[in-house]
Amino acid sequence: MKLLNFALIGALIAACTAQDLPTASRSAQFSAYPDRLFRTFERSCEGPGETFLKIDANSFECREFLPPDTTAFLILSYDGSPEDLPQSIMRMTSTKSSGGYRVDARLFFQVPQKSGATVEVPVESKTLDKALSALYQAMGGSPT
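Let me sum up the structure you'll find in this document. Just so you know, the residues in each chain are numbered from 1, in the order the chain's sequence is written. Owing to the predicted nature of the model, reporting of local features is limited to residues with pLDDT of at least 70; listing and counting of side-chain atom pairs is limited to 80 or more, with chain, interface and lining totals taken over all residues. Values reported for side chains reflect all heavy atoms of the structure, with hydrogen atoms and water molecules removed beforehand.

A word on the overall build of the protein
A run of DSSP states H or I qualifies as a helix once it reaches four residues; a run of E qualifies as a strand once it reaches two. Both are numbered from the N-terminal end. Along the protein, the regular secondary structure elements total 4 helices and 7 strands. Taken from the N to the C terminus, the helices and strands of the protein come in the order α-β-α-β-β-α-β-β-β-α-β. Burial statistics for the protein: of 144 residues in total, 43% are counted as buried. Any two residues having at least one pair of non-hydrogen atoms within 4.5 Å are treated as being in contact. Counted over contacts in the protein with a minimum sequence separation of 6, partners at least 24 positions apart contribute 64%. Accessible area of the protein: about 7,800 Å², with a carbon and sulfur share of 56%. Burial classes: relative accessible area under 20% of the type maximum marks a residue as buried, over 50% as exposed, and values in between as partly exposed (1.4 Å probe, protein chains only). Note that accessible areas follow from Shrake-Rupley with a 1.4 Å probe, and for residues the cover is restricted to the protein chains shown.

Structure (structure tokens):
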């Protein structure tokens, strides 16, 4: 899922409709459970080196191995283990709320350590946040 593919799908969908640009956010409110959003998320995670995981009924992940230069940088910068390579992870979680369902997305690099522990390195990106907001809006949510 090359970090932004999933979010860019939403941006393209949103670009095809006339609407105001949403606030950049990794969270959104949906009036009903966002099945279509999660099905789209799963379908977008089918490329080489990608793995889709259903963590529980309301949490999903797309894991992807990284290019060699990014992998080397993360291993060297975070005392990583070359036997267990870092991955990029996008996690989407829905939570029941009084107004329906809140969806939160997280994007981070998971770097396994030589000690056996892991480090999560958050990925901050206004471009990603805007693309996620556009996706949420295209799927019937309201970015928060």
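From this point on, the discussion continues.
Quick word on helix 2 (residues 35–43)
Among the residues of helix 2, Leu37, Phe38, Thr40 and Phe41 are the ones counted as buried. Within helix 2, the buried residues cover an arc of 160 degrees as seen down the axis, which keeps them to one side. The arc refers to the directions leading from the helix axis to the C-beta atoms.

Focus: the state of the cysteines
Criterion for a disulfide: a pair of cysteine sulfur atoms at a distance within 2.5 Å. Taken as a whole and judged by the stated rule, the model has 1 disulfide. There is a disulfide in this structure between cysteine 45 and cysteine 62, and the S-S distance comes to 2.1 Å. Disulfide cysteine 45-cysteine 62: torsion about the S-S bond near 90 degrees, hence right-handed. Pair noted here: cysteine 45 is in the loop between helix 2 and strand 2 (50–56) and cysteine 62 is in strand 3 (residues 59–65), with a separation of 17 residues, a long-range link. Both residues of the pair, cysteine 45 and cysteine 62, belong to the buried class.

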